[in-house]
Amino acid sequence: MPGQHDSTVVAVDGPAAAGKTTTCRALAKSFDLRYLESGRTYRIIAFEALQREIPVGNAQEITELCDELIVESRSAELLTSERYASDKLRAAPVNVAVSAVARIADVRRRVTSLIRLWAETQTRCVIEGRDIGTTIFPKAPLKFFLTATPEVRALRRVRQEHADTYENVLKDVIRRDEADMSRAASPLVAAEDAIRIDTSELTLDQVVSRMSSACRKRGLETSR
Ligand code: CDP
């Protein structure tokens, strides 16, 4: 049932390379939360589509692939599958293909169900993505929306991954933002009740510290 487990979820949404992963990991550690990177699942589907030469624009075939992967991984385990190395999932062709995969409503419905299923088994968790606080857990008691200028985000990603030039990464960030914001199925938008943090001028520690203080205010206890 949608929303049933919202009370255990901290939702962290925002555009590409806004610092969600690093800050979520820090929160997970401080507050003893299980962490889920929802974008990884869309990347796995895109990666497999490329491997199997299935056109990512073909919604029906991609949805069938998604079903196959869910069955193969025994349901929600697809979300946390260790079969896929991060560098493969973050390669440039996957960055392009993932936007097409993520706009398919039937795929989103399946990933949404998996995430809700996973969250049911967690005492408390932090989940990052694009639609966690809006579509997947609209009643989550604590939601963050992280942003930064595309230039700052591209620069951070280049420093972090060293995989591509600044110009290419900036283009990719802008292209993915546009794709995520303009799609019909759960577009990227801040939930009305999300705490918005523009991280352009903030250090990682400052962002984590703002998020942590909001967590404490909502009664989350730090782990010993
Ligand atoms: O790490 P980065 O912010 O670059 O991207 P990601 O979180 O790995 O997500 C990859 C892609 O998956 C995004 O560009 C979105 O198109 C899609 N995505 C989504 O549609 N909904 C989510 N909850 C998470 C990711």
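Here, the structure is the one placed above.
Within any chain, residue numbers begin from 1 and follow the written order of that chain's sequence. Given that the model is predicted, a residue must reach a pLDDT of at least 70 before its local features are reported, and side-chain atom pairs must reach 80 or more before they are shown or counted; all residues, however, enter totals for whole chains, interfaces and linings. Note: side-chain values were computed over all heavy atoms of the structure, leaving out hydrogens and water.

Draft legend 1. How the structure looks around the nonpolar core. Counting residues in each nonpolar core, the largest one holds 39 residues, and the members touching the most others are I45, I62, V107, I127 and F137. Among the secondary structure elements, those contributing two or more residues to this core are β1 (9-13), α2 (39-51), α3 (59-72), α5 (92-102), α6 (105-120), β3 (125-129) and α7 (132-136). Contacts were defined at the residue level, with two residues in contact if any of their heavy atoms lie within 4.5 Å. With residues near it in sequence (within four places) discarded, I45 still touches I62, L65, C66, L69, V101, V107 and V111. L142, L146, L202 and V207 belong to the second largest nonpolar core, which has 20 residues in total. Residues belong to a common nonpolar core when they are buried Ala, Val, Leu, Ile, Met, Phe, Trp, Tyr or Cys residues joined through side-chain atoms within 4.5 Å. To sort residues, take the accessible area from a 1.4 Å probe on protein chains only and compare it with the maximum for the residue type: under 20% means buried, over 50% means exposed, and anything in between is partly exposed. The way it works is that DSSP assigns letters per residue, a run of H or I at least four long becomes a helix, a run of E at least two long becomes a strand, and they are numbered from the N terminus.

Draft legend 2. Structural detail: unusual backbone geometry. Phi angles above zero are rare outside glycine, and D32 is one such case at about 55°. Along the chain, D32 turns up in the loop between α1 (20-31) and β2 (34-37). The exposed category is assigned to D32, whose relative accessible area is 53%. Of note, S75 is a non-glycine position whose phi angle comes to about 65°, a positive value.

Draft legend 3. Structural context of the site of the ligand. When we say a residue is near a molecule or strand, we mean one of its heavy atoms is within 4 Å of it. What surrounds the ligand is a group of 19 residues, the closest being R43, R90, R157, R176 and D180. N or O atoms closer than or at 3.5 Å make up a polar contact, with two conditions inside protein: a donor-capable atom paired with an acceptor-capable one, and, for residues adjacent in sequence, both atoms drawn from side chains. S38 places a side-chain nitrogen or oxygen 3.0 Å from a nitrogen atom of the ligand. Contact between the ligand and R157: an oxygen atom at 2.6 Å from a side-chain N or O atom of the residue. Notes on the ligand: free accessible area 530 Å², of which the protein chains cover 99%. If you list the elements that add at least two residues to the shell around the ligand, you get α2, α5, β3 and α9 (166-182). Throughout this entry, Asp, Glu, Lys and Arg are counted as charged residues, while Ala, Val, Leu, Ile, Met, Phe, Trp, Tyr, Cys and Pro are counted as nonpolar. The remaining residues, Gly among them, count as polar. Of the residues contributing to the shell around the ligand, the split by class is five nonpolar, three polar and 11 charged. Each accessible area value is a Shrake-Rupley result obtained with a 1.4 Å probe; residue values ignore everything except the protein chains displayed when judging cover.

Draft legend 4. Quick look at the packing of aromatic side chains. For Phe, Tyr and Trp, where Trp contributes only its six-membered ring, two rings pair if their centres lie within 6.5 Å, and the inter-plane angle classes them as stacked under 30 degrees, edge-to-face over 60, or tilted in between. In this structure the tally under the stated criterion is one aromatic pair. Seen from their ring centres, F47 and Y84 are 5.8 Å apart, and the 85° between their planes marks the pair as edge-to-face. In this pair, F47 sits in helix α2 while Y84 sits in the loop between α3 and α4 (86-89), placing the two residues 37 residues apart along the sequence. A residue is classified by how much of its surface remains accessible, and F47, at 14% relative accessible area, is buried.

Draft legend 5. Representation of the pairing of β3. With five of five residues buried, β3 lies mostly within the body of the structure. Here β3 shows no split at all, with C125, I127 and G129 on one side and V126 and E128 on the other all buried. Pairing of β1 with β3, which is carried by five bridges, proceeds in the parallel orientation. By the bridge assignment, V12 is partnered in β3 with E128. The pairing criterion for strands is at least two bridges between them, as found by DSSP. Relative to β3, β2 is paired through four bridges, and the arrangement is parallel. Paired with E37 across the strands is E128, a residue of β3.

Draft legend 6. Local environment of the pattern of salt bridges. By definition here, a salt bridge exists when the distance from a side-chain nitrogen of Lys or Arg to a carboxyl oxygen of Asp or Glu is within 4 Å. This model, assessed by the stated rule, comprises 17 salt bridges. The closest approach of N and O atoms between D180 and R130, which form a salt bridge, is 3.0 Å. Here D180 is found in helix α9, whereas its partner R130 is found in the loop between β3 and α7, with 50 residues between them in sequence. In this structure, R175 engages D172 in a salt bridge whose closest nitrogen and oxygen atoms are separated by 2.8 Å. Of this pair, R175 and D172 both sit in helix α9, three residues apart, roughly one helical turn. Here R175 falls in the partly exposed class, since its relative accessible area comes to 29%. Given a relative accessible area of 12%, D172 falls into the buried group.

Draft legend 7. Structural detail: the pairing of strand β4 (residues 142-147). A large share of β4 lies buried, amounting to five of its six residues. Examined bridge by bridge, β1 and β4 share four bridges and lie parallel to one another. What sits directly across from A11, in β4, is K143. Strand direction decides the pairing type here: β4 and strand β5 (residues 195-198), joined by four bridges, are parallel. Directly across from F145, in β5, lies its bridge partner R196.

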